[in-house]
Amino acid sequence: MASSVNTRKQNRLAKAQKEYSERAAKYKPKPPYLTNIVKAFLVGGAICAFGQLVSDFYIRVFGFTKETAGNPTVATLIFLAVLFTGLGIYDKLGQFAGAGSAVPVTGFANSMSSAAIEHRAEGLVLGVGGNMFKLAGGVIVYGVVAALVVSLIKWIIIKV
Amino acid sequence: MKAQHQYGRQTWKFANDVRVQGSAVAVGPLEGEGPLGAEFDHIYPDMYAGQASWEKAERYMMYQAVQTAVKKSNLLESEIDIVLAGDLLNQTISSNFTASQLNIPLLGMFGACSTSMETLSVGSALVDAGYASYVVATCSSHNCTAEKQFRYPTEYGGQKPDYAQWTVTGAGAVVVGRGGSGPCITHATIGKVVDMGIKDPFDMGSAMAPAAADTLSTHFHDTDRLPSDYDIIVTGDLGKVGYAILKDEMRGLSFDMTPVYNDCGLMIYGPDQQVFSGGSGCASSAVVTYSYIMNRLRDGSIKRALICATGALFSPVSYQQGESIPCIAHAVALEAKEE
């Protein structure tokens, strides 16, 4: 008997919650998807174009090959992203550009350096060391897993 | 059966002349630049307030607010019988560490952003019942410590939606005692936890509005008052989204809030300040109430005020496990009265 009263009570609450979330959704401003997409495209594109420029610079000036220029290019982009994170600029860029500044390697550098700065007060080992991968950890774990799956598929296709 | 001072199940009416003796606030830079800047006692030019960490800065602001409130009440620290304090950090460390600097017995409290009115209600009840002569009620929040605990690192470049809110950096403190000429604390309505199933931790306005509506309508029902009996009614931190929802929910309950209703989270920042939907945090209601509203009650431009502080009772663990956000609201009625 008591359980059926409880179920009825729960059902009534679930109904009220559903009605309320429908009512409340009307007040919530919709994300401006189109402007966000354009901003992300422009900023993300600009970061990548800049990366290309850096890569060409290493090839032309320091005689790197197209393959070996990758490492110093990525290092340069990471350095700049960390610098702009420390200067308090990257988070403002992120609010404007969304995925445009989050997806390139600079976004990855930002996620690590921002966590490192944030937790500096808790010490170098437990603070910086322990928290640096707080956001980046997920990207690394699932990046590695995805790479393994893709290479397994490739290996099977080649063998068959 | 009702207890002696109970006015309905949730509302207390204070029988004695319980009054605000003095109040003070300390805030961060963005709040200082806002439209209420001139009302604040201490404004710090940066988020560290001269301290080594944000956590230290938060408790330093709370300490300053308490010290100044006691001083403005013409009292000594040794005359305060109890301090009721709360904040948003795990194990309410801001309150505990602040109290370790004060030689006053502590009752730590947690009601998320409703802590301001939670501590004021309980403090007033202690004074009214004669368990304390003078009580300090205080709470604090800090934008960076709250972001660190509840969301992402401050410098992380994530995009926040327009309905997100900006945690207010600051602390407010109030001294309550019997007699004097300060604003009278007449009623307190203690809220129930209301969970309407909102799960988005950025959307706290939608989550908290039903709790505020519940407490406010209960208050009006218990006291036999209407919104028009007040010169100003404020909610703590509903922001633009929650403000609009609350007005319509109250209309649905046949209460017209329009002419007197405002939200502390909207009052504290100007329209040109980038704070998304508005301010949030324990300090939002505390800073506005313990400066602007107290000052207006003292100079007589406001006769009666109702403060409804709203709190979202979630933790990073609860929302990551997909739980909805339970919310609460406590309301306190203040009145300017002759001695």
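Treat the numbers as computed from the prediction; the structure is a model and nothing was measured. (Residues numbered from 1 in each chain as written. Chains lettered and ligands numbered in written order. Predicted model: local features only at pLDDT ≥ 70, side-chain atom pairs only at ≥ 80, totals over all residues. Heavy atoms only, no water.)

**A few points about the overall build of chain A**
Here is step 1: Scanning chain A for helices and strands turns up eight helices and zero strands.
Here is step 2: Counting from the amino terminus, chain A carries its helices and strands in the arrangement α-α-α-α-α-α-α-α.
Here is step 3: Expressed along its principal axes, the backbone C-alpha trace of chain A runs to roughly 80 × 50 × 40 Å.
Here is step 4: Per-residue burial over chain A gives 28% buried out of 160 residues.
Here is step 5: When contacts within chain A are restricted to residue pairs at least 6 apart in sequence, long-range pairs at least 24 apart make up 51% of them.
Here is step 6: Counting only carbon and sulfur atoms, one obtains 73% of the accessible surface of chain A, whose full area is about 11,000 Å².
Here is step 7: The positive charge centre, built from 17 side chains, and the negative charge centre, built from 7, are 11 Å apart in chain A. (Helix = DSSP H or I, 4+ residues; strand = E, 2+ residues; numbered from the N terminus. Buried < 20%, exposed > 50% of the residue type's maximum accessible area, 1.4 Å probe, protein only. Contact = heavy atoms within 4.5 Å. Areas by Shrake-Rupley, 256 points an atom, 1.4 Å probe, with all protein chains shown as cover. Lys, Arg positive; Asp, Glu negative; His and termini not counted. Charge placed at Lys NZ, Arg CZ, Asp CG, Glu CD.)

**Quick notes on the overall build of chain B**
Here is step 1: Summing up its helical and strand segments, chain B has 10 helices and 14 strands in all.
Here is step 2: The globule rule puts the C-alpha radius of gyration for 339 residues at 20 Å, and the 18 Å found for chain B is close to it.
Here is step 3: By principal-axis analysis of the C-alpha atoms, chain B measures approximately 55 × 45 × 35 Å.
Here is step 4: When the 339 residues of chain B are sorted by exposure, 64% land in the buried category. (Rg over C-alpha atoms; globule rule 2.2 N^0.38 Å.)

**Looking at the side chain of Glu335(B)**
Residues and elements named next belong to chain B.
Here is step 1: Residue position: glutamate 335 is located in strand β14 (residues 327–335).
Here is step 2: Residue classification places glutamate 335 among the buried positions, given a relative accessible area of 13%.
Here is step 3: Within the local environment of glutamate 335, its side chain forms a polar contact with the side chain of arginine 304, the two groups lying 3.2 Å apart. (Polar contact = N/O pair within 3.5 Å; in protein donor to acceptor, adjacent residues only side chain to side chain.)

**Overview of the nonpolar core**
Residues and elements named next belong to chain B.
Here is step 1: The biggest cluster of nonpolar side chains holds 87 residues, and the ones touching the most others in it are Ile185, Leu216, Phe220 and Leu246.
Here is step 2: A domain-level breakdown of this core finds at least three residues from each of domain 1 (6–178) and domain 2 (184–335).
Here is step 3: Ignoring any residue separated from it by four or fewer positions in sequence, one finds phenylalanine 220 in contact with Arg225, Leu226, Pro227, Tyr230, Ile233, Met250, Phe255, Met257 and Leu306.
Here is step 4: The next biggest cluster of nonpolar side chains, apart from the first, holds 21 residues, and it includes Tyr44, Ala65, Leu75 and Ile80. (Core = buried A, V, L, I, M, F, W, Y, C linked by side-chain atoms within 4.5 Å. Domains from an automatic or database assignment.)

**Some details on the interface of chain A and chain B**
Here is step 1: Counting from both sides, the interface comprises 30 residues of chain A and, opposite them, 30 residues of chain B.
Here is step 2: Buried surface at the junction of chain A and chain B, summed over both partners, amounts to about 2,500 Å²; 57% is from carbon and sulfur atoms.
Here is step 3: If you sort the residues of chain A by the area they bury against chain B, Tyr20(A), Tyr27(A) and Glu118(A) come out on top, with a joint share of 29%.
Here is step 4: Our enumeration of links across chain A and chain B arrives at four salt bridges.
Here is step 5: When the shortest N-O distance is used, the salt bridge between Glu122(A) and Lys148(B) registers 2.9 Å.
Here is step 6: For the pair chain A and chain B, the number of links is 11 residue pairs in polar contact (both at pLDDT 80 or more).
Here is step 7: Residue assignment for the side of chain A that touches chain B shows that the elements contributing at least two residues are α1 (2–25), α4 (90–97) and α6 (105–118) of chain A.
Here is step 8: Ranked by the residues each element gives to the side of chain A that touches chain B, the list is headed by α1(A), at seven residues.
Here is step 9: Looking at the side of chain A that touches chain B residue by residue, the class counts come to 12 nonpolar, 12 polar and six charged. (Buried area = accessible area lost by both parts, 1.4 Å probe. Salt bridge = Lys/Arg side-chain N within 4 Å of Asp/Glu carboxyl O. Nonpolar A, V, L, I, M, F, W, Y, C, P; charged D, E, K, R; others polar.)

**Digging into the domain arrangement of chain B**
Residues and elements named next belong to chain B.
Here is step 1: We note that the domain assignment places domain 1 (6–178) and domain 2 (184–335) within chain B.
Here is step 2: With 63 residues of domain 1 at the interface, the matching set in domain 2 holds 64 residues.
Here is step 3: Taking both partners together, domain 1 and domain 2 bury about 5,200 Å²; carbon and sulfur atoms supply 63% of that area.
Here is step 4: Summed over the three residues of domain 1 that lose the most area to domain 2, namely Gln10, Met117 and Gln165, the buried surface amounts to 16% of that side.
Here is step 5: In this structure, the connection of domain 1 to domain 2 is made through one salt bridge.
Here is step 6: Measuring nitrogen to oxygen at the nearest pair gives 3.1 Å for the salt bridge that ties glutamate 39 to arginine 296.

**Thoughts on the pattern of salt bridges**
Here is step 1: Here the structure, examined in full by the defined rule, presents 16 salt bridges over all chains.
Here is step 2: Between Lys28(A) and Asp203(B) there is a salt bridge, and its shortest N-O distance comes to 3.6 Å. Placement of Lys28(A) in the loop between α1 and α2 (33–62) and of Asp203(B) in the loop between β9 (184–189) and α6 (204–223) is noted, with the two residues assigned to different chains.
Here is step 3: Looking at Lys28(A), the relative accessible area reads 26%, which means it is partly exposed.
Here is step 4: For Asp203(B), a relative accessible area of 2% gives the class buried.
Here is step 5: Notably, a salt bridge pairs Asp248(B) with Arg251(B), separated by 3.1 Å at the nearest N-O pair. You can see Asp248(B) and its partner Arg251(B) sitting in helix α7 (residues 239–252), three residues apart, about one turn around the helix.

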